[in-house]
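Chain by chain, the residues run as shown.
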Amino acid sequence: MASHSTDTLALMELAIQQAKDALQFLEVPVGCVIVQDGKAIASGRNRTSETRNATRHAEMEAIDILLEQWQRDGLSELEIAEKFSQCSLYVTCEPCIMCAAALSILGIKEVYYGCANDKFGGCGSILSLHLQSSSEQPHGGAKGFTCTGGVMASEAVSLLRSFYEQGNPNAPKPHRPLARQATD
Amino acid sequence: MEETVVMNEETGEAWRIVNIPGKPPIPTDQQPTVNVYASMIEPNLANTLIRRLNQIAPLENLRHVKRIRKKAVEGGKSQLSAILCLACEDENQWNCVPENVQELVNSYQLSPFITQVCKYAASSKEEWEGQCKLWPTSYHPPTYNINGVMGFSEEDSQSVFSFMKFAIELAKSSEERLVNAAVIVDPSNRQIIASACDQINSWLPPESNASMSNGCIEQAESLCSHPKSSQVATNVFPLSNGSSDKFRKLYTNVSCLNPWRSSEQRPRTSSCYWHPLRHAAIVAIEVSAAMDRHLFPALGHIGDECYDVEDMQSSFITSPAKRPKTNLTNVEKEDKQVLHTKDSCSISERPYLCTGYDIFLVWEPCTMCAMALVHQRIRRIFYAFPNPKAGALGSVHRLQGEKSLNHHYAVFRVLLPYELPTKGETLAEIADKDKRANALQFH
Ligand SMILES: [Zn+2]
Ligand SMILES: [Zn+2]
């Protein structure tokens, strides 16, 4: 495993704390922080269960906090865009395709993630939305960002594992023979 | 059926529903082919020869290939050719042709030549049209069942068209600016579950994260056009400040096409914030989730194993006792009743996320929105206009064909008999032009 700076590890530790928080609330344990100038300025954790909205991933939670905060502070859209371009995201699991697309719309500077997301990942696993060229249309839509995976991946995975070991109380009960399992 | 056409008898307008498959059509020149022997035949011998050929040299693995090709030639006549048999791997080896075919060739004085036919049956109408240029094939559009989705009856088609019209009306309702609109529908009873327009300029943040659920419900009630509530409630857009160049600005506000441009010249209001990710589909999902919490408050946490749960498990952890995967996508009524008797709560009446629901969007959703609809387990997506810049259902990406995802919806484009509102140019083209024109002005 590549060595990461102590700063990087400290920030990912904050994201892990968020994931642990999610676990306590019986949510899939994924957490994140958004960082500007080395300081965590927003955090988020998965809230899909509580909201019954499967799009309420940790990243979306943290983004909403910043958008609200910055507008309360009176920042214009252009200033907010500028801010996002100076921010880094630390998230325990590779952003899914939805979140990676959102980060690319916002124009975030960089992403550090823990474990890869082989089924949904939008930063290399399934799609590579972080690699979009940013040359055309400065604010036209999607932009690329730098992406570093494998930061404290084993911690992220072990949280997910404990989620399954305690059982997911939210899962619908099986109601059919598991005939399709072979195809899953 | 791949394509459903319904004519309006009064106006003669044709609406069409076209499936957007998970895989793009294979260009004709890239389709695998096989060599066959064919020969021109006299039209009056066609029946006899074909009957005989089908007996002695049936085209076992080429059932999609037509035995006879009819070509129009000069003078209004047509020329017939028939496939005799497969050619050998090794070209020009006439001696591998079955003896009885050789006899037939001799007795009717045929002059065999080698030609190519497509090896596999076409999987779409486009592919089929390409195949026929080589040698005619037959095409049987699947009477299909994509994740339990049946083809469209006349009645279903009419329902699709009327919900699409509803979505278009919503999209036009935001003063002079056209935005995207999303309508989530339960097709089993044709009820609207949620509807929303882009809300890039009209975000009402929940008061705090702690009281999030309350905030969302209030918001949902004010935004949602539940079957019993007024449709007008969806129009919460602040008025734009009277653009002089109405036409030029018309399409730049469609978030999935143009997330940043849509926010330009945002009117400042005290209660509404700006949020570049509040695209119509995202808002509609939020509204439907809020409605769910509102209607089934007692269920607490039940119902979300959605997102990454089981998939993360299989991705990251090789668990000896994999949790049984459940798939509510294909739940039938009987199953629901079984569930109902087993579990005492009313979960049976409540769909899991948006399982079984359809969504109608005016524009093809962007990648973020398309993936959000995977997460929320939408069954079918209908859209009217493609999104060549950012569309994720065929234009730029094709999420319905991403095998690794845990859920796959079926995607359909609804072709309108008219364009909105100009002729000759598609909206996307206009939006694209407009965007380029405006990109310069933005800074
Ligand atoms: Zn995500
Ligand atoms: Zn979108």
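Please read these numbers as outputs of a predicted model, since none were measured by experiment.

### Observations concerning the coordination of the zinc ion (ligand 1)
Residue and element names in this part refer to chain A.
- Looking at the metal site, the zinc ion (ligand 1) is ligated by His57 (ND1), Cys96 (SG) and Cys99 (SG), spaced 2.0 to 2.3 Å from it.
- Along the chain, the residues donating to the zinc ion (ligand 1) fall in the pattern H-x38-C-x2-C. Each member of the pair, Cys96 as well as Cys99, carries the same accessibility label: buried.

### Comments concerning the pattern of salt bridges
Residue and element names in this part refer to chain A.
- Summed over the entire model, instances satisfying the criterion amount to 15 salt bridges over all chains.
- The partner of Arg45 in a salt bridge is Asp21, and the shortest N-O contact between them spans 3.4 Å. Note that Arg45 is positioned in strand E2 (residues 39-45) and Asp21 in helix H1 (residues 6-24), a separation of 24 residues in sequence.
- Judged by its relative accessible area of 28%, Asp21 falls in the partly exposed class.
- Glu110 is the partner of Lys109 in a salt bridge, and the nearest nitrogen-oxygen pair spans 3.9 Å.
- For Lys109, a relative accessible area of 41% translates into the label partly exposed.

### Re the confidence of the model for chain B
Residue and element names in this part refer to chain B.
- Mean pLDDT for chain B: 72, with 62% of residues reaching 70 or above.
- Taken as a whole, residues 208-249 scores under 50 in pLDDT and shows 82 contacts with residues more than four places along the chain or in a different chain.
- Contacts for the low-pLDDT stretch residues 301-347, under 50 throughout, to residues beyond four places or in other chains number 123 contacts.
- Reported for the predicted complex are a pTM of 0.70 and an ipTM of 0.89.

### What to know about the sheet that holds strand E4 (residues 110-115) of chain A
Residue and element names in this part refer to chain A.
- Sheet architecture is open: five strands sit in the order E2-E1-E3-E4-E5, paired in mixed fashion. Of all strands in the sheet, those bounded by a partner on one side alone are E2 and strand E5 (146-148). Pairwise comparison of adjacent strand axes, ignoring direction, gives a mean angle of 20 degrees for this sheet.
- The strands touched by helix H3 (residues 58-72) are strand E1 (31-36), E2 and strand E3 (87-93); relative to E2, the strand with the most contacts, the crossing angle is about 130 degrees.

### So, the sheet that holds strand E6 (residues 113-118) of chain B
All names here are of chain B.
- The four strands lie next to each other as E4-E5-E3-E6, forming an open sheet whose pairing is antiparallel. The strands lining the two open edges of the sheet, one partner per strand, are strand E4 (68-72) and E6. Taken pair by pair, the neighbouring strands of this sheet meet at an average axis angle of 40 degrees, ignoring direction.
- Here strand E3 (residues 33-41) runs beside strand E5 (residues 78-86); their pairing, made up of six bridges, is antiparallel. Bridging from a neighbouring strand, Tyr37 pairs with Cys85 of E5.
- Across the face of the sheet, helix H3 (residues 125-134) comes into contact with E3, E4 and E6 while running at roughly 180 degrees to E6.

### Looking at the side chain of Ser288 of chain B
Residues and elements named next belong to chain B.
- For Ser288, the location among the structural elements is in helix H7 (residues 280-295).
- Given the relative accessible area of 7%, Ser288 is considered buried.
- Setting aside residues up to four positions removed in sequence, Ser288 forms contacts with Ile184, Ile193, Ala194 and Cys354.

### Structural notes on the pairing of strand E8 (residues 191-197) of chain B
All names here are of chain B.
- The buried fraction of E8 is high, at six of seven residues.
- The pairing of strand E7 (residues 181-186) with E8 spans six bridges and is classified as antiparallel. Bridge pairing in E8 places Asp186 opposite Gln191.

About the cut-offs
Residues numbered from 1 in each chain as written. Chains lettered and ligands numbered in written order. Predicted model: local features only at pLDDT ≥ 70, side-chain atom pairs only at ≥ 80, totals over all residues. Heavy atoms only, no water. Donors = N, O, S within 2.8 Å, 3.2 Å for Na, K, Ca; no water. Buried < 20%, exposed > 50% of the residue type's maximum accessible area, 1.4 Å probe, protein only. Salt bridge = Lys/Arg side-chain N within 4 Å of Asp/Glu carboxyl O. Helix = DSSP H or I, 4+ residues; strand = E, 2+ residues; numbered from the N terminus. pLDDT = per-residue confidence, 0-100. Contact = heavy atoms within 4.5 Å. Pairing = 2+ DSSP bridges. Axes fitted to C-alpha atoms, helices over the stretch in contact; angles between N-to-C directions.

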